[in-house]
Every structure is written in structure tokens, then in C-alpha cells.
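Here are the chains, one letter per residue:
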Amino acid sequence: MSLPVLSRTGVTPSAPIRPSSSAEDIMTQLMPLLWRYTGQDFFNQLVLQLAGLTGASMVFAGLQHQQAEQVRVIACNQQGRLCPPFNYDLAGTPCTFSRHSQEQVCIYNSGIAERFSDDHILVEHGLQAYAGLALREPGGQPLGVLVLLFDQPLADSNRIRTLLSRLDPRVTAELRQRRTQEQLMVAATAFESREGIFIANSRMQIQQTNRAFARLCGQEPDSLSGISLTELRAHAAGMTDIEDIVQAIDSRGWWQGEQRLQRADGRTIDVNVQISKIHDGLGIPHYVHYVEDISEQKANRKRIEKMAYFDELTGLHNRRFMVEHISHTVALAEYESTRGALLLLDLDGFKNINDSLGYAIGDQLLIQVAERLRCFSQEYEDVSLARMASDEFVLLFPRLGHGYSATKTRTEQLANALNELFSMPFEVNGLRLHVGISAGISVFPATGVTLEEYLRQADTATHMAKRIAQGRHVFFSQEMAEEVQERLQLFNALQQALKNEELTLHYQPQVQLDNNRIIGAEALLRWQPPGQPPIPPGHFIPVAEETSLICDIGNWVLQKACRQLQHWQQNGTGPERLSVNISARHFHSPDFVARIEALLQQYPACRHRLTLEMTESVLLENLAESRTRMARLKKLGLWLSIDDFGTGYSSFAYLKELPADELKLDRSFIRHVDETPRDRAIIACILQLSRELSMTVVAEGVETQSQRSQLQAMGCPACQGFLLARPMPEEALMTWLSNTG
């Protein structure tokens, strides 16, 4: 490759030295000249004078790279002109001897371009001879090279060999100084990097600091000189003391860890510190500190930890934290031989508030609930509180007692205190909202119970408490677990029954009391497993209602009922009307009205003949939504009936808002209607109300002639019950209708 050249500008050579055949004569003339110069001037004069004295076409000096086989040429003379610095790869060149042998001088008298054909400098310039001096550190590591290249073969190589050997000490000294200067330049650049760096003496007083560290301290670099590290160190729990740090450095030469830095403005910041021990030329120890501001990193870690272990809405711990915390708490209870209790709290009535008033109000209510529970938990020692789900919270009470009875008694007191705590309403955006709690309780530790089971036990007990009555608390028991297992098995079997067509519809006639005319029938679900006794509806329907399976079953019932009603109308048989019970989950499902509309298009004869029965509680879960849905169903031509009327809210106010056509008197009023004046008074009021609202009434559960007569005397329009007929399959209903007719 062609080398760019520089003029001799800036280089002031001495008077020309006459060529001499004696190496001693050359050194006598050369060395006084070279002693006048140092640094880059020395190397420039060296390559210029050597070329003139020896007749070399090219002379260069360079530093060896410590890792790569490469020389960085720092001075080069080619045909009397200086070239700029360049890198010279050693592989395939005569200079490889400097790294792979212990020779001091290597000389090739002739033919080097042919011998080293990969060396482009030799080939391009047609060079013939080579003389190289390997310059080394005191330990023998490669330091650099001094190279003379000739365009003619060398007749006398001894003179060159002696000359190079005599130059070795002086050139080595200059190269070592050059390398030291470059290392200092790199160190100075690093010292003024963005990372905080300072050097301290053995008494841990700052000797020198860079601007980055001074900025961390909020001071100027000069003002930090002489300051003891104890003045910059803010105390924090868990931090390593300076004495321990120095001891660690003395034993292994370094230390790394977190410290807290005291700034001039009074603030403190978390820093990561790396300390290395070095010695100067006199053997005096110094400590180089590399300081990194990690306050933002720690803040980010805290945010991530909060996201992982805290609930965003309420600021309480979340489920993940509580699951892990339970294991520690139970393990501690086992170690201390004490007992504690886990209370899983479920808010009563929260869903109605959330659905009717919106999620914004619901969220504000949850925040207030969390704050009320937080204040409650702070009254007791070592209590943990977490929000587990939308409206579920957990309180974990350790050390309530040593025996089961004492622990249970103490837990009862806590549960009662919680119920009293929620007796006061919450004020949210000017609204007074009442919510209660149902609590499931699991006492720990218990023999044979895994850590994961305590939450499941409390959850099971909570569901049992809500089934009994809102605002109750229930302790988990093994019988409860067995019941849950039984219900799970029943649920799985019911899923298969729906797929296997094991479900059927039975029909109970409805009769007009004044003339015994059949006015309709109610479709009732039955389950007949093959080869087994039938399973009562009161057994399997509550299980289905706990999940979305009730919607699948409800859709199946509607499909079957509509098909049957269509068949009766087309053939002129069967009752004129057919009633179907609708569950709360089914009625409030998003696609309920759309499914009804699709069924009526498939079975048009069901319009004005199909009645949907819903209880008061179903409709009042979300009154506004219920009113809208009922209006849409009425437009489709359906009759709407309020089932079990009188057993729910029984507020006459809501009746005027709902477009219902029928009230069904619950059997609890009918059972003693012929004996109890109070029941008759209630029925009389309902009948009068229905007449005012233009609604019809059907009495359920009529089992005796006396009950029927009393109802008829009171003006009740219609009834159904065992007195008339039990629910029966479609074939039996047809027979009954023909016999009755």
C-alpha cells in the first residue's frame, strides 16, 4: 500500500551526519543529537537520521498492541519524508519475530519481498533487505519495534546489528514513556467521564475527584479535596460501615456495594460504589472509587415491586403478596406453637352498587372500604391486610391463642367487630351507601393442611356464609369441604347430563279458579340419570346457578319449551300458554334478549303465549337494566311474571315501574291460607294491588280443597299445585288434558 508522506515541517534536523562504516562512529555522532530530544521529536529525528546514516529507504518506529498482532507506527521516514501514523499488521511480515521469538535483532540481507509476499509495503516498494529491533518491557513483554528497510541487499549486516543493539536502551526508554503518557491520557479521559470517580488516601480523605462525582455531591471538585468520606456518607440501615469496607479491601484488594451519599443541599441519594486499592511508585496505597447514582434504579425497582405486590386502586397488598405471606405466617405459627386465623371478607351488595351506579362510584367505595379495614387492622399487632379480588379482602391474624377453642373465641370477637364496623354507611359523592361483609374463616396451623389450602378453606366458608345469609361469618369445617366436593361432582355430572340429553321438561297445569278452565302450564326442569333415581331440582339447580352453566341450561329449556309450544299450537293440542322460569344470571346475561328474539323468529307461535317467570330478587339486582329488558321483551310479545311474590323485597313501589303482567303468590302464603288470618290479609292486599295495576295472579302450591276454596272466595284468578296435578311429562299431560276435558 502507498504511504502518505509529510514534509519535514516542524522537524529541525541537525547538520547531516557523514556515513560511516563503523557502528561506534555512528553512535558517537547520533547519540548526542538524540539526547537533545524527547517525545515525538525524538522519534522523528531518530527515523530521519537513521535513514541518512544507513542509507535505508524507509525507517519506522512503533508501539506494539498488547492484545492484537499489530504495531501502531508513531514515526516513519520514507525517502526523506515523514509519514502520518498508521497501523502495521505483523502477520506475514518479518516483524513477527518480535512477538514469537526472543531475538533482539532480526536481519534479512536480501529477498524479503519474495519471502514475505503478504507484506504489501515490501512488495509495493520493491524492498530487498530488512533490519528490525524488538523492544521489550523488563519482564520480556513486547513493547515496540524499530525497523530499517533497504531497496538494495545489505553487504554488511554486522554494522546494522551492532547499531540497533546500541540503540535499544534509549529507544526503549522513550517508547515506555510514550506508552505511559498515552495511558495517562486515557486515564484522564476516563477520570472525566460521566461516572463519578474520586481517589482517597489511606485515611479515607479525598485527594482528587472528577466533575461527575462533584455534581453528585452538589459541590465543586476543589471544595471536596481533603474531605473525609464520613462527611459524605449518610447513615442508613443495613449499610456496610467504612471500617468493614477498608478491611474487605485490605483482604482482597477491592469492595463493591451500596451506600447513601449526603449532598450539599441536604438531600441524600443511593449510590453503587466500587473501590480498588492501588499503590503509587513509592508503594503508598490509594483507593480509587467509582460511584454510580442508582437512586432512579431503586425508585424503578420500588415501583415494579409495588406493581407486583400492591393493589393499584386501594394501595393494599395484593393476592400475590398474601399468598406468599401466608406461608411465612403459618410457618412462624408452627414454630411458636401458636394459632391464628385467616378471614376472607366478601362485600355484600357491592355488585348491585357497581352495576347501578357505575364503576367510578364502585371504585371510590372500594377505596373507602380499604381505608376502613386498614384502620381496623392497625389496632392489632402483626395483622396483614390484602385485597384479593374485586370485592374480596383478606385479614391475616397471627398469635390469637395456643388452643383451638381460645383462637376460635378470639376470632369470633374479631368477626363481630368487623360486622359492627360495616354497620355504618359510606359517603361517596354525596350518596350514603350500605355494604356488609360475609366472612369465611380458616384457623391455622391445622394438621395435614397444605399452605395453599388455607385460602381455599376460607373461600369455601365465605360461599357457605353467603348462602346462609348476608352478613354472616362461618368457620371452615371438614363437612363443608365434603359438601363442596359433592357439589363439584354434581356440577361435572350436570354438564355431562346436558350433553347427553338426560334433562327433560315436565309440565304442571294452571287452572282458572272460577270455571276450572285450563289457562296454561309451567315448564319445570327434571334430571333423570340413566339407571338411577331422579335428582331433585332443588339439589342440582342451585349448583348450576353458581356458574354460567345455568345459562346453558336456561337456553336449552327455552329451546325445548318454544318447540313444544309451537307443536301444540300447530296441532291444536296442549295448553294455550306456557311459563318458563328464568334465573338471575341468565336474565342479566348480555345476549339474553337477542336469544329470545331469535327463538321467536324460529317459533312464531310462541308470541303472546310464552310467559317468562322471574323472582323479585332477579329484577331488583339492577332495577334500571331490568326495566329496560322487560320493556324489550314485552315488545316481542312475551308475558312477564314475577315469581314467588311476597318473599323478596315486596316493595309495592317498584311494581309500578316494571312492565309485568302477572304475580305468582308464593306457596308459603298458601300453606295456611285457610287457617291464618294474617296470610289471608297479605293475599288480599296483593290481590287488590294486582287489580289496581291490571295484573293477573296465580297462586302456587295449592294442595287441598280448603286452600282452593279460600282462594276462590277471596277472588284469586288462578292457581296450580298438587291438588290439580303434579308436574308430568308431555305424554302424561296430553292424557290428563283429555281426561279433564
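So, here's what we can say about the structure. (Residues numbered from 1 in each chain as written. Predicted model: local features only at pLDDT ≥ 70, side-chain atom pairs only at ≥ 80, totals over all residues. Heavy atoms only, no water.)

### Let's talk about the overall build of the protein chain
- Looking only at helices and strands, the protein chain features 28 helices and 27 strands.
- For the protein chain, whose C-alpha radius of gyration is 49 Å, the value lies well above the compact-globule estimate of 27 Å for 741 residues.
- In terms of overall dimensions, the protein chain has a C-alpha envelope of 150 × 60 × 50 Å along the principal axes.
- Counting over 741 residues, the protein chain shows a buried share of 48%.
- Considering only intrachain contacts with a sequence separation of at least 6, the fraction spanning at least 24 residues in the protein chain is 62%.
- Carbon and sulfur atoms provide 50% of the accessible area of the protein chain, an area that totals close to 36600 Å².
- If you average the places of the 70 positive and of the 86 negative side-chain charges in the protein chain, the two averages end up 3 Å apart. (Helix = DSSP H or I, 4+ residues; strand = E, 2+ residues; numbered from the N terminus. Rg over C-alpha atoms; globule rule 2.2 N^0.38 Å. Buried < 20%, exposed > 50% of the residue type's maximum accessible area, 1.4 Å probe, protein only. Contact = heavy atoms within 4.5 Å. Areas by Shrake-Rupley, 256 points an atom, 1.4 Å probe, with all protein chains shown as cover. Lys, Arg positive; Asp, Glu negative; His and termini not counted. Charge placed at Lys NZ, Arg CZ, Asp CG, Glu CD.)

### So, the nonpolar core
- Counting 82 residues, the largest nonpolar core has Leu612 and Leu633 as its most contacted members.
- Broken down by element, this core gets its largest block of residues, 11 residues, from helix H19 (residues 549–571).
- Within the second largest apolar cluster, 40 residues are counted, among which are Leu30, Ala131, Leu135 and Leu148. (Core = buried A, V, L, I, M, F, W, Y, C linked by side-chain atoms within 4.5 Å.)

### Considerations on the sheet that holds strand S8 (residues 196–200)
- What the five strands build is an open sheet, ordered S9-S8-S12-S11-S10; its pairing is antiparallel. Edge positions in the sheet fall to strand S9 (206–209) and strand S10 (254–262), since each has one partner strand and no second. Looking at each pair of strands side by side, their axes are set apart by 30° on average, direction ignored.
- Looking at chain direction, S8 and S9 are connected through three bridges and run antiparallel. Note on S9: the bridge partner recorded for Ile199 is Gln208.
- Strand contacts of helix H10 (residues 242–252): S10, strand S11 (268–279) and strand S12 (285–293), with the helix running at about 160° to S10, the strand carrying the most contacts. (Pairing = 2+ DSSP bridges. Axes fitted to C-alpha atoms, helices over the stretch in contact; angles between N-to-C directions.)

### Re the packing of helix H1 (residues 23–35) against helix H2 (residues 40–54)
- Contact pair H1 / H2: the axes reach a minimum separation of 10 Å and the direction vectors enclose 160°. As far as their axial angle goes, H2 and H1 are roughly antiparallel. Both H1 and H2 take part in a crossing whose hand is right-handed. Along its contact with H1, which presents Ile26, Leu30, Leu33 and Leu34, the element H2 presents Phe42, Gln45, Leu46, Gln49, Leu50 and Leu53. (Parallel < 35°, antiparallel > 145°, perpendicular 65-115°, else oblique. Left-handed = near helix turned anticlockwise from the far one by under 90°.)

### Focus on helix H12 (residues 319–336)
- Taking 1.5 Å per residue, 18 residues should reach 26 Å; H12 reaches 25 Å between its end C-alpha atoms and fits that length.
- Every buried residue belonging to H12 is among Phe321, Met322, Ile326, Thr329, Val330 and Ala333, and all of these are buried.
- Residues of H12 that are buried make contact with helix H11 (295–309), strand S13 (339–348), strand S14 (384–389), strand S15 (392–401), strand S18 (436–444) and helix H16 (451–468).
- Two or three places before Arg320, at the opening of H12, Asn318 has a side-chain oxygen 3.3 Å from that residue's backbone nitrogen.
- Backbone geometry just downstream of H12 places Ser337 in the positive-phi region, at approximately 60°. (Expected span 1.5 Å × (residues − 1). Polar contact = N/O pair within 3.5 Å; in protein donor to acceptor, adjacent residues only side chain to side chain.)

### Focus: the pairing of S18
- In terms of burial, S18 is a largely internal element, eight of the nine residues being buried.
- Here S13 pairs with S18 via nine bridges, running antiparallel. Residue Leu343 lies in a different strand from S18, and its bridge partner there is Ile441.
- The pairing of S18 with strand S19 (residues 473–475) spans three bridges and is parallel. The partner of Ala439 across the bridge, within S19, is His473.
- The handedness of the S18 to S19 crossover, carried by H16, is left-handed. (Right-handed = clockwise from strand over helix to strand, strands pointing away.)

### A look at the packing of helix H17 (residues 478–499) against helix H18 (residues 537–545)
- At a minimum axis separation of 10 Å, H17 and H18 run at an interaxial angle of 90°. Relative to H18, H17 is oriented roughly perpendicular. Note on element contacts: H18 touches H17 through His539, Phe540, Pro542, Val543 and Ala544, opposite Glu486, Arg487, Leu490, Phe491 and Leu494.
- A per-class count over the contact of H17 with H18 returns seven nonpolar, one polar and two charged. (Nonpolar A, V, L, I, M, F, W, Y, C, P; charged D, E, K, R; others polar.)

### A look at the sheet that holds S14
- Spatially, five strands are ordered S14-S15-S13-S18-S19 in an open sheet, and the strand pairing comes out mixed. Among the strands making up the open sheet, the edge pair consists of S14 and S19. Along the sheet, successive strands turn relative to each other by an average axial angle of 25°, direction set aside.
- With five bridges connecting them, S14 and S15 associate as antiparallel partners. When the bridges of S15 are listed, Leu385 appears paired with Leu395.

### A look at the side chain of Glu662
- Mapped onto the elements, Glu662 comes out in strand S25 (residues 662–665).
- The side chain of Glu662 is buried and forms no salt bridge, while Lys664, the nearest opposite charge, is found at 5.3 Å.
- Sequence-distant contacts of Glu662, that is, excluding residues within four places in its chain, are made with Thr611, Leu640, Ser641, Ile642, Met695, Thr696 and Val698. (Salt bridge = Lys/Arg side-chain N within 4 Å of Asp/Glu carboxyl O.)

### Details of the environment of Met464
- As for its placement among the helices and strands, Met464 is situated in helix H16.
- C-alpha separation for the pair Met464 and Met480, spaced 16 residues apart in sequence, amounts to 8.0 Å.
- Not counting the four nearest positions on each side in its chain, Met464 is found in contact with Val474, Met480 and Glu483.

### Details of the packing of aromatic side chains
- Scanning the model with the defined rule gives 13 aromatic pairs in all.
- A ring pair is formed by Phe42 and Phe43, whose centres lie 5.2 Å apart and whose planes are at 85°; its orientation type is edge-to-face.
- Phe42 sits in the buried class, given a relative accessible area of 0%.
- Classification of Phe43 as buried rests on a relative accessible area of 0%.
- Measuring from ring centre to ring centre gives 4.5 Å for Phe198 and Phe213, while their planes differ by 35°; the resulting arrangement is tilted. Linking Phe198 in strand S8 with Phe213 in helix H7 (residues 211–217), this pair joins segments that are 15 residues apart in sequence.
- Residue Phe198 is classed as buried on the basis of its relative accessible area, which comes to 4%.
- Grouping aromatic residues by their ring pairs yields a cluster made of Phe60, Phe86 and Tyr88.
- The ring of Phe722 carries the charged tip of Arg726 above its face, separated from the ring centre by 3.9 Å. (Phe/Tyr/Trp six-rings, centres within 6.5 Å; stacked < 30°, edge-to-face > 60°. Lys NZ or Arg CZ within 6 Å of the ring centre and 35° of its normal.)

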